[in-house]
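Here's the letter readout for the chains.
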Amino acid sequence: LYAKVSNKRRSKSTSVLLESLLTKGFPAHIAQKALVATGQKTTEDAAKWLHSHCNDPSLDDPIPQEYALYLCPTGHLHNHLQEFWKESKRQCGKNRAHEIFPHITLCDFFTCEDQKVELLYDILKRVGDSFSQRFPPSISLSLHSSTSYLGFFVGDSHANILKEFAKAFSSEASALADCHVKPCLKQLHLTLAHKFYPHHQKTLEQLAKHINPGETCQWVASLYSRDMRFVHYQTLRALFQYKPQNIDELMINAGDFIYVDPTQQSDVSEGWVIGTSHRTGCRGFLPENYTERADESDTWVKHREYVFVTASRFFTQTEKEPHDNLNGEVRNPSMPRSVTNVFSLQNAALRRGVLVMRHGERVDQVFGRSWLQQCLTADGKYYRADLNFPSTLPKRKDGISYFEYDPPLSCCGIFQSRLVGEALLDQEVTVSYVYSSPALRCIQTAHHVLQGLKLDQKIKIKVEPGLFEWTKWEASSVIPNFMTVAELAEASYKVDTSYRSNFPLPSLVPSESYEEYVSRSSAVIKQIITACPSKGKGVILIVGHGSSLATFTRPLIGLPARDSSDFAQVVRKIPSLGMCFCEELKEESKWQMVNPPVKTLTHGANAAFNWRSGIMED
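Residues numbered from 1 in each chain as written. Predicted model: local features only at pLDDT ≥ 70, side-chain atom pairs only at ≥ 80, totals over all residues. Heavy atoms only, no water.

Visitor: Just to check I follow, could you spell out the overall build of the protein chain for this structure?
Guide: Scanning the protein chain for helices and strands turns up 18 helices and 19 strands. Sequence-distant contacts, at least 24 apart, represent 76% of the contacts inside the protein chain between residues at least 6 apart. A total accessible area of about 30000 Å² is found for the protein chain, and carbon and sulfur atoms account for 51% of it. (Helix = DSSP H or I, 4+ residues; strand = E, 2+ residues; numbered from the N terminus. Contact = heavy atoms within 4.5 Å. Areas by Shrake-Rupley, 256 points an atom, 1.4 Å probe, with all protein chains shown as cover.)

Visitor: Explain helix α4 (residues 43-52) here, please?
Guide: In an α-helix there are 3.6 residues to a turn, and that puts residues three or four apart on one side. What α4 keeps buried is the set T43, A46, W49, L50 and S52. Buried residues along α4 sit against α2 (16-23) and α3 (28-37). (Buried < 20%, exposed > 50% of the residue type's maximum accessible area, 1.4 Å probe, protein only.)

Visitor: Explanation requested: the environment of I161 in the structure shown.
Guide: Examined against the element boundaries, I161 turns out to sit in helix α7 (residues 156-176). For I161, a relative accessible area of 17% puts it in the buried group. In this view, I161 contacts F131, R134 and P136; residues no more than four positions away in its chain are not counted.

Visitor: How do you make sense of the environment of L425 when you look at a structure like this?
Guide: For L425, the position within the fold is in helix α12 (residues 411-426). Separated by 29 residues in sequence, L425 and K454 have C-alpha atoms that sit 7.9 Å apart. Ignoring anything within four residues of it in the chain, the contact list for L425 reads G452, L453 and K454.

Visitor: What is the right way to read the pairing of strand β17 (residues 538-544) from this model?
Guide: Successive side chains on a regular strand alternate, one facing one side of the sheet and the next facing the other. Most of β17 is tucked away: seven of the seven residues are buried. Relative to β17, strand β15 (residues 431-436) runs parallel, the two being bridged by five bridges. Residue pairing in the sheet places V431 in a bridge with V539 of β17. (Pairing = 2+ DSSP bridges.)

Visitor: What is the right way to look at the packing of α2 against α4 in this model?
Guide: How two helices pack is summed up by the angle between their axes together with the distance between the axes. Taken N-terminus to C-terminus, the directions of α2 and α4 make an angle of 45 degrees; their axes are 10 Å apart at the nearest point. Comparing the axis directions of α2 and α4 gives the class oblique. Seen along the crossing, α2 lies across α4 with a hand that is right-handed. Contact with α2, carried on its side by L17, S20 and L21, involves T43, A46 and A47 of α4 and no other residues of that element. Looking at side-chain class alone, the contact of α2 with α4 contains four nonpolar, two polar and no charged residues. (Axes fitted to C-alpha atoms, helices over the stretch in contact; angles between N-to-C directions. Parallel < 35°, antiparallel > 145°, perpendicular 65-115°, else oblique. Left-handed = near helix turned anticlockwise from the far one by under 90°. Nonpolar A, V, L, I, M, F, W, Y, C, P; charged D, E, K, R; others polar.)

Visitor: Sorry, what's going on with the packing of α3 against α4 here?
Guide: Interaxial distance between α3 and α4 falls to 8 Å at its minimum, and their mutual angle equals 110 degrees. Taken as axis vectors, α3 and α4 run roughly perpendicular relative to one another. Helix-helix and strand crossings are classified by hand; for α3 and α4 the assignment is right-handed. Contact residues: α3 offers I30, K33, A34, L35 and A37, while α4 offers A46, W49 and L50. Here the residues of the contact of α3 with α4 are counted per class, giving seven nonpolar, no polar and one charged.

Visitor: Can you help me understand the nonpolar core in this one?
Guide: Nonpolar side chains in soluble globular proteins tend to be buried together. Counting 54 residues, the largest nonpolar core has L71, F84, L120, F165, F169, L192 and W219 as the members making the most contacts within it. Among all residues touching W219, those that are not within four sequence positions of it are L71, C72, P73, L77, I104, F135, I139, L141, L190, Y306, V307 and F308. Residues V363, V429, V449 and F581 belong to the second largest nonpolar core, which totals 44 residues. (Core = buried A, V, L, I, M, F, W, Y, C linked by side-chain atoms within 4.5 Å.)

Visitor: Help me out: how do you make sense of the pattern of salt bridges in this one?
Guide: Applying the stated criterion across every chain yields a total of 25 salt bridges. Between K94 and E99 there is a salt bridge, and its shortest N-O distance comes to 3.5 Å. Residue classification places K94 among the partly exposed positions, given a relative accessible area of 38%. Note on E99: relative accessible area 8%, which makes it buried. (Salt bridge = Lys/Arg side-chain N within 4 Å of Asp/Glu carboxyl O.)

Visitor: Sorry if this is basic, but what is going on with the side chain of S410 here?
Guide: Looking at the secondary structure, you find S410 in the loop between α11 (371-374) and α12. Among the residues examined, S410 registers a relative accessible area of 0% and is labelled buried. For S410, the side chain forms a polar contact with the main-chain nitrogen of G413, separated by 3.0 Å. In this view, S410 contacts E361, R362, V363 and N388; residues no more than four positions away in its chain are not counted. (Polar contact = N/O pair within 3.5 Å; in protein donor to acceptor, adjacent residues only side chain to side chain.)

Visitor: Looking at this structure, how should I read the sheet that holds strand β10 (residues 283-287)?
Guide: Backbone hydrogen bonds hold the strands of a sheet together, and the pairing may be parallel or antiparallel. Pairing within the open sheet is antiparallel, and its five strands lie in the order β10-β9-β8-β7-β11. Looking at which strands have only one partner, the edges of the open sheet turn out to be β10 and β11 (291-293). Ignoring which end each strand starts from, the neighbouring axes of this sheet average 45 degrees apart. As judged from the three bridges shared by strand β7 (residues 234-238) and β11, these two strands associate in the antiparallel manner. Across the sheet, A238 pairs through a bridge with T291, a residue of β11.

Visitor: Before we go on, may I ask you to explain the pairing of β10 in this structure?
Guide: Pairing of strand β9 (residues 272-277) with β10 involves five bridges; the strand directions are antiparallel. By the bridge assignment for β10, T276 is matched with R283. Between β9 and the antiparallel strand that follows it, β10, lie five residues; G281 among them carries a positive phi value of about 80 degrees.

Visitor: Would you take a moment to explain the state of the cysteines for this structure?
Guide: Working definition of a disulfide: a covalent bond connecting the sulfur atoms of two cysteines. Applying the stated criterion across every chain, the model contains zero disulfides. Looking at the unpaired C411, the closest cysteine sulfur is the one in C412, lying at 7.3 Å. (Disulfide = S-S within 2.5 Å.)

Visitor: Sorry if this is basic, but what is going on with the confidence of the model for the protein chain here?
Guide: A low pLDDT means the predicted coordinates there should not be read in detail. Residues at a pLDDT of 70 or more form 88% of the protein chain, whose mean pLDDT is 86. By mean pLDDT, helix α9 (residues 337-348) is the weakest element of the protein chain at 36, and helix α13 (residues 440-453) is the strongest at 97. Below a pLDDT of 50 lies the segment residues 310-350, which in the model reaches 85 contacts outside its immediate sequence neighbourhood of four places, other chains included. (pLDDT = per-residue confidence, 0-100.)

Visitor: What is the right way to look at the environment of H144 in this model?
Guide: When you line up the elements, H144 lands in strand β3 (residues 141-145). We classify H144 as partly exposed; its relative accessible area is 35%. Remark: the alpha-carbon pair of H144 and H189, spanning 45 residues in sequence, is separated by 9.5 Å. The contact partners of H144, leaving out residues within four places of it in the chain, are Y149, L150, G151 and F153. Polar contacts involving the side chain of H144 include one to the side chain of S142, which spans 3.5 Å.

As structure tokens, this is what we get:
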């Protein structure tokens, strides 16, 4: 590819934008690269891109962008499609269609040399002009559905016109811009959902039926580009700024996009990822909990568009129209009354909620598995070796040594838990029941969350052994000796001493298989839901482990268990106090996963400090 690009004869024509950059002293090939990366809109955009990419190791590489020609709806139809995008994601989770905005593919991705991209603009205008009188005033769309696909198929007569338009663009681009462009000649379609779980088909179909494909719509042929190097990468969006602490770390600003190769993360330290910044082109490590998943098209660049109108036609490079928002979040102020009623009816029918939460920071997470040896005196008594160790340990009859495999929360973990409880109180979340794993760290988390909620004197914690994590992950290869309910009560934890567990402690199997763990989790969550009256509104709080978030919520909302091969990779990304929230749809006796009622808790590390070696020694 490098050789092919480098040996091509360079075009002698230069645009006004390029000349402006050349007068500033930028080399021609780098200036052209900056213009293409910013859609050839303004010199200021290109200069800003060049400044951001001054340390980009690939700046001199002659790698072209990939381009695609899409037919995109605007107006009322676009607004209704965006509402479907939003509501289908909320009710059924993200599927492949959410990665890209609503569109009909005319020509799939192809490469074009930077200095010839302007030819594509001319071709789009010329071909658009030649077809503008033939373009249908409205496109015939019919809904089609299968177990993995939902979308509108374009009627044959209109599809033939669109295919001719795509072939004409393809033919001219291949001849004049030396691009290998393949027009889409198969069934033209506008995808609504793709690669979703089969049991979501009915819900998606119901949502789709409220989209009127005959709504007022202006169709726009748009030329987009993407960076071909990161096609198979995941795209993350930075939530916060991160300033590097080490030379191999990546500087990110809130809103930055980062390309991450999933195949390169296995050797990265827990809680970190390695990726390449879309803004700067630099590569390095960054904290994963500073990011969230973005959509594939969020980093695409719109170059030019041809707007098909009935009375007149024009060619523009608009930037501020509603359809320019590629992330699928455009709001719809004029939604049909019928659709609004359907959505509001579903929201009104919500009753119970289930909040599954991981425990707070545990001491061995900070000080390692030998934490207990660090804070024992010569005669075996506990003392606080660091301010993040708890001030005291609760009394237990079998001796202090058993805390090694049933560690307590750190002081930061206690603070985290109480902070989350206070946040739940601020959001007026009504917690009616609390269940906890028998692990001390989970019971302490539940206790301090209830304190933050000011419910510690009103609600008692039901200790459920069936909520314990996958026993295969226990370092001791045996089930830990947990504190008894009586010992917990004596230590002033508000536990329900009358509660009879669904899954007695002796039933836990050491080193259980993944299938056994998934089966246990599914059975326990269903028993808990059954035990809590369906007439009562409010939230069932379940405090468990990192693995709990997937194994307790997925069976509740009807999803199959994750594959065991990637389960550990998913769990290791769940931070302290990470949570998932499910709410019940009363009319259908089903559950759906929605955003938790409070925001996430993010903070940095704070290493131990020795003033002698840090200050006194040279």
